Amino acid sequence: MAIRKEILDELLKDKDPKTMFFSEGLLGELKKALAERVLNAEMDHHLADSMQDEVSEGDKAANHRNGYSKKTVLTENEALELSIPRDRRGSFEPQLIAKYQRRFPGFDDKIISMYSRGMTTREIEGHLKEMYGVDVSAALISSVTEAVMEEVKAWQNRPLEETYAILYLDALRVKIRDGGHVQNKAIYVAIAVNMQGNKEVLGLWAAENEGAKFWLQILTDLQNRGAKDFFIACVDGLKGFPEAIESVYPRTEVQLCIVHLVRASLTYVNWKQRKEVAGDLRLIYQAGTVTEAEMQRDTFARKWDATYPMVSQIWRRNWERVIPFFAYPGEIRRVIYTTNTIESLNMSLRKIIKMRGSFPNEDAAMKLLYLALRNASKKWTMPVQNWSGALNRFSILWPDWMPALDRA
């Protein structure tokens, strides 16, 4: 609805343009005036309703206004001191700002947004004071962020889809205080690509150490929440990890992360020759077919076994879990053979964690990581351009899973 020019001219009369958008300027005055106008309109309706009740009940002591009470309310950008109308009976319950409400909608979101970017309670308190002139206690900030924990629990226990195309599993380290000592705990992250080709974080879990035994618990949790099948699981080289996956999801094809395999290989190589060795390894995993990859592997062994025998042994020992991605067209191989999808996410999480140093407890860490994941997921796009081609290939390799594809 357009505001008439005459009204705007009257509002702007004798106003300093430089302070117009300040909290104490025209904008602040308008917010206060509009809020108080709404509150008074609500009181008029309340008194009119009261009068009807009095007539029907034969009550001769009519309800009426009884002055105002002062109340400071926090908005997204400032603190407003409002005059709240009162009635003689004390029965007025305003809808705009409830009786015990101290913050307008949107203010809590601002606190949570700052918290999700790694700011501490003290930093949020100082930022609100500096930017908006609003005094907010540390207790209030804590209570606002604490409310996120209920959302985290609901998210962590939400039902999952029955079938996912790709599952990525990884963990990162977080410093958490426990019994007066700061300990490094493992936070496990599971990301899946659903049948529409979109990435989805399935959950976060905390444990003392990263290990295949705990991954088994996580996979069981995913299964209990409704995830019946994953076509491919891309994992790092953690011992026992593939076996843990296959025990819960026997039909899932386990793909070792090629990036992790290359890193593990290069630990045995002199730094002066790492670039050359990495180039020769690239010929293996960038081959067009499994047969060509085997030829490149054997060529690599003939060239380097005399100097670095462990490298080719690593590749031969894990070969059955190296080659699954060769069954797919080139444009989606990169999505399958590396855990970069989850590692890039973990990198952004580590930046936020680094800002915080350590967390007072596990819940505090989970809150922040959940909010950071929520921010990161807003920027996600399709993992590959030719997702329809990937689905066609899945339908050939797993024809008995086609009903799941049809429902997607």
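In what follows, the structure referred to is the one given above.
For clarity, every value in this text was computed on a predicted model and none was experimentally measured.

A. Examining the sheet that holds strand β7 (residues 253-256) more closely. Ordered by their spatial adjacency, five strands build an open sheet running β5-β4-β3-β6-β7, and the pairing between neighbours is mixed. Of all the strands in the sheet, the pair left with one neighbour each is β5 (199-207) and β7. Between one strand axis and the next, the sheet turns by 25 degrees as a mean value, whatever way the strands run. One ladder, built from four bridges, connects strand β6 (residues 229-235) with β7; its direction is parallel. Counterpart to Ile-232 in the pairing with β7 is Glu-253. Here helix α16 (residues 362-377) sits on the sheet in contact with β3 (163-178), β4 (181-193) and β5, set at roughly 165 degrees to β5. Set on the sheet, helix α17 (residues 387-397) makes contact with β3, β4 and β6; between it and β3 the angle comes to about 110 degrees.

B. Region of interest: the nonpolar core. Among the nonpolar cores identified, the biggest contains 80 residues, and Trp-315 and Phe-394 are the most heavily contacted of them. Examining the composition of this core, we find that ten residues originate from one element, α16, more than from any other. Grouped together as the second largest cluster of nonpolar side chains are 28 residues, Leu-202, Phe-214, Ile-218 and Ala-244 included.

C. Quick look at α16. For α16, spanning 16 residues, the distance from its first C-alpha to its last is 22 Å, which sits close to the expected 22 Å at 1.5 Å a residue. Taking burial as the measure, the 16 residues of α16 include twelve buried ones, the bulk of the element. For α16, the set of buried residues is Ala-364, Ala-365, Met-366, Lys-367, Leu-368, Leu-369, Tyr-370, Leu-371, Ala-372, Leu-373, Asn-375 and Ala-376.

D. Summary view of the packing of aromatic side chains. Counted according to the given criterion, the structure contains nine aromatic pairs. Look at Tyr-188 and Phe-214: their rings are 4.7 Å apart centre to centre, the planes differ by 40 degrees, and that puts the pair in the tilted class. Of the two residues, Tyr-188 sits in strand β4 while Phe-214 sits in helix α7 (residues 212-224), which places them 26 residues apart along the sequence. Exposure class is identical for Tyr-188 and Phe-214. Each is buried. The structure contains a cluster of three or more aromatic residues connected by ring pairs, namely Tyr-188, Phe-214, Trp-215 and Phe-241. The ring of Trp-319 has Arg-297 lying over it, and the distance from NZ or CZ to the ring centre is 4.6 Å.

E. Layout of helix α5 (residues 138-146). All of the buried residues along α5 are Leu-140, Ile-141, Val-144 and Thr-145. Take α5 and look down its axis: the buried residues cluster within an arc of 130 degrees, on one side only.

F. Quick look at the environment of Ile-245. As for its placement among the helices and strands, Ile-245 is situated in helix α8 (residues 241-248). On the basis of relative accessibility, which here comes to 1%, the residue Ile-245 falls in the buried class. The contact partners of Ile-245, leaving out residues within four places of it in the chain, are Leu-169, Leu-219, Ala-233, Val-235, Pro-250, Thr-252 and Val-254.

G. Region of interest: the packing of α5 against helix α6 (residues 148-156). The contact between α5 and α6 brings their axes to 5 Å, and the two run at 15 degrees. As summarised for this structure, α5 and α6 are arranged roughly parallel, according to the angle between their axes. Touching Val-144, Thr-145 and Glu-146 of α5 are Val-148, Met-149 and Glu-150, all from α6. Residues that form the contact of α5 with α6 fall into these classes: three nonpolar, one polar and two charged.

Quick notes on the rules
Residues numbered from 1 in each chain as written. Predicted model: local features only at pLDDT ≥ 70, side-chain atom pairs only at ≥ 80, totals over all residues. Heavy atoms only, no water. Pairing = 2+ DSSP bridges. Helix = DSSP H or I, 4+ residues; strand = E, 2+ residues; numbered from the N terminus. Axes fitted to C-alpha atoms, helices over the stretch in contact; angles between N-to-C directions. Contact = heavy atoms within 4.5 Å. Core = buried A, V, L, I, M, F, W, Y, C linked by side-chain atoms within 4.5 Å. Buried < 20%, exposed > 50% of the residue type's maximum accessible area, 1.4 Å probe, protein only. Expected span 1.5 Å × (residues − 1). Phe/Tyr/Trp six-rings, centres within 6.5 Å; stacked < 30°, edge-to-face > 60°. Lys NZ or Arg CZ within 6 Å of the ring centre and 35° of its normal. Arc of directions from axis to C-beta. Parallel < 35°, antiparallel > 145°, perpendicular 65-115°, else oblique. Nonpolar A, V, L, I, M, F, W, Y, C, P; charged D, E, K, R; others polar.

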